[in-house]
Amino acid sequence: MKTARFTRIVLSCGRFHPKKTVTRLALLGRWYETSPMAIDTSGNGVFSEGRAKLSARTLRTDKWWLQPLITVVVLFSFIVYATFRAFENGKYFAQPLISPFYSPCLSSNCQKGSPSFIGTIFGTYHLFGMTVSPSLFILIFPLAFRMTCYYYRKAYYRSFWMSPPACAVAEPHAKYTGETRAPLIIQNGHRYAFYAGLVFNVFLTIDAIGAFRNEKGQWGHMSIGTLVLLANATFLWLYSMSCHTCRHTVGGRLRNFSKHPIRYKLWTWVSILNHKHQNFAWISLFGVALADLYVRQVSGGSIRNLYFF
Ligand code: FES
């Protein structure tokens, strides 16, 4: 009975595991049930009563560590790059292009001509002899949106906290408290971060439309920068529209769909996107970094923004 349940646990992740590994796990689980070997059952995590009594952290023989490792490398690289750019406080605007890390630019020390949309609501502040970058006033919102994203949570819980690092690989923590108390209870605010993210998507879309101008501000032109900002805005919309919160917002809290045909239709569309949320999460992450890098290179004079017309 327990062996059967254990086998189901291994398979329920939906991923393929070699039959040999599953058989080994089942045999070991059965042996440990009658073994006098001491297993710590004091915790409520991997050593709890209901779990298979295995002393080994995992019996997987495939490269289960590869995916968490890649996640760490990519996310850490993005964090380093974004932090550098947020504090660089320069090379973020080259008419008509504005970096997504600095839009809207709400500080009085913004580069001349950069769009603020809602006015200059922050002054120029100094901290430790440095001018506070305008990026720091706004990045908290997209950052909160990504950090509380259900997909990213899975990714960084697994890769950074090893909680657990992979399917059928036990986590090193003895206890599991989930997101029911501080600090992780804050993850429940994802819906508000989602709403804030939508506002930023609107700003970045306006930036992309504004990129149909030339350096003199005349409309009716298109450059590589236009495509870069358009692609960035599109990926961000796809990321937001595929969000689980978006799906719940359009189709949740209903007793039946028959009386809400429009919401049902929207829910089916969002559900289709929702299946690809993981892909949009990564693509939009690269998109925003590459869009910033492109604007930085143009603004710094390293490359020219080539115009098609
Ligand atoms: Fe990923 Fe909402 S679940 S953005």
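Residues numbered from 1 in each chain as written. Predicted model: local features only at pLDDT ≥ 70, side-chain atom pairs only at ≥ 80, totals over all residues. Heavy atoms only, no water.

## Thoughts on the nonpolar core
To keep things clear, this is the line we draw: By nonpolar core is meant a set of buried Ala, Val, Leu, Ile, Met, Phe, Trp, Tyr and Cys residues that side-chain atoms within 4.5 Å join together. Burial here depends on accessible area, computed with a 1.4 Å probe over protein chains only, as a share of the maximum for the residue type. Under 20% is buried, over 50% is exposed, and the range in between is partly exposed. Only DSSP runs of H or I with at least four residues qualify as helices, and only runs of E with at least two residues qualify as strands; both kinds are numbered from the N terminus onward.
Judged by nonpolar contacts, the single largest core of 32 residues is most densely connected at F78, Y92, F101, Y151, Y152 and Y239. Of all the secondary structure elements, the ones that give two or more residues to this core are α3 (66-88), α6 (150-159), α7 (190-210), α9 (244-251) and α11 (277-300). When residues in this core are grouped by element, the largest group, six residues, is from α11. In terms of nonpolar packing, the next biggest core, distinct from the first, is built from ten residues, L97, A211, Y294 and V298 among them.

## Quick notes on a nonpolar patch on the surface
Put simply, the rule is: The patches reported here contain residues having more than 30% relative accessible area and no salt bridge. Joining distances are 9 Å for like charges and 5 Å for nonpolar side chains (Val, Leu, Ile, Met, Phe, Trp, Tyr). Areas reported as accessible are Shrake-Rupley estimates using a 1.4 Å probe. Residue values count occlusion only from the protein chains shown. Here, a salt bridge means any Lys or Arg side-chain nitrogen found within 4 Å of an Asp or Glu carboxyl oxygen.
On the surface, W65, L66, L69, I70 and V73 cluster together into a nonpolar patch covering about 460 Å² of accessible area. Within the secondary structure, V73 is located in helix α3. Assessed through its relative accessible area of 48%, V73 is described here as partly exposed.

## Things to note about the confidence of the model for the protein
Which entries qualify depends on this criterion: In predicted models, pLDDT denotes the confidence assigned by the predictor to each residue on a 0 to 100 scale. Residue contacts are counted whenever heavy atoms from the two residues lie within 4.5 Å of one another.
In the predicted model, the protein carries a mean pLDDT of 86, and the fraction of residues at 70 or more is 84%. Averaged over each element, pLDDT in the protein is lowest for helix α1 (residues 2-11) (42) and highest for helix α8 (residues 224-241) (98). In the model, residues 1-14 has pLDDT below 50 throughout and makes 17 contacts with residues more than four positions away in sequence or in other chains. Taken as a whole, residues 31-41 scores under 50 in pLDDT and shows 14 contacts with residues more than four places along the chain or in a different chain.

## A word on the state of the cysteines
Simply put, the disulfide is a covalent bond whose two ends are the sulfur atoms of two cysteines. Going by this rule: In plain terms, two cysteine sulfur atoms within 2.5 Å form what is called a disulfide here.
Within this structure, the stated rule accounts for one disulfide. Here C105 pairs with C110 through a disulfide, and the sulfurs are 2.1 Å apart. For the disulfide bridge between C105 and C110, the dihedral angle about the S-S bond is near -100°, and by the sign convention the bridge is left-handed. On the accessibility criterion, C110 (16% relative accessible area) is buried. C243 supplies the cysteine sulfur nearest to C246, a cysteine that is in no disulfide, at a spacing of 6.4 Å.

## A closer look at the pattern of salt bridges
Under the counting rule described, the total for this entry stands at five salt bridges. Between R296 and E88 there is a salt bridge, and its shortest N-O distance comes to 2.7 Å. Here R296, found in helix α11, pairs with E88, found in helix α3; they are 208 residues apart in sequence, far enough to count as distant. Take R296: its relative accessible area is 16%, and that puts it in the buried class. Since its relative accessible area comes to 24%, E88 is described here as partly exposed. Each of R85, E88, D292 and R296 takes part in one network of salt bridges that share partners.

## Description of unusual backbone geometry
Put simply, Q95 and P96 share a cis peptide bond, and its omega is 5°. Following S103, the chain continues into P104 via a peptide bond in cis, with omega recorded as 0°. Its location among the elements puts P104 in the loop between β2 (97-98) and β3 (126-127). Despite not being glycine, N89 has its phi angle at roughly 55°, a positive value. Tracing the chain through its elements places N89 in the loop between α3 and β1 (93-94).

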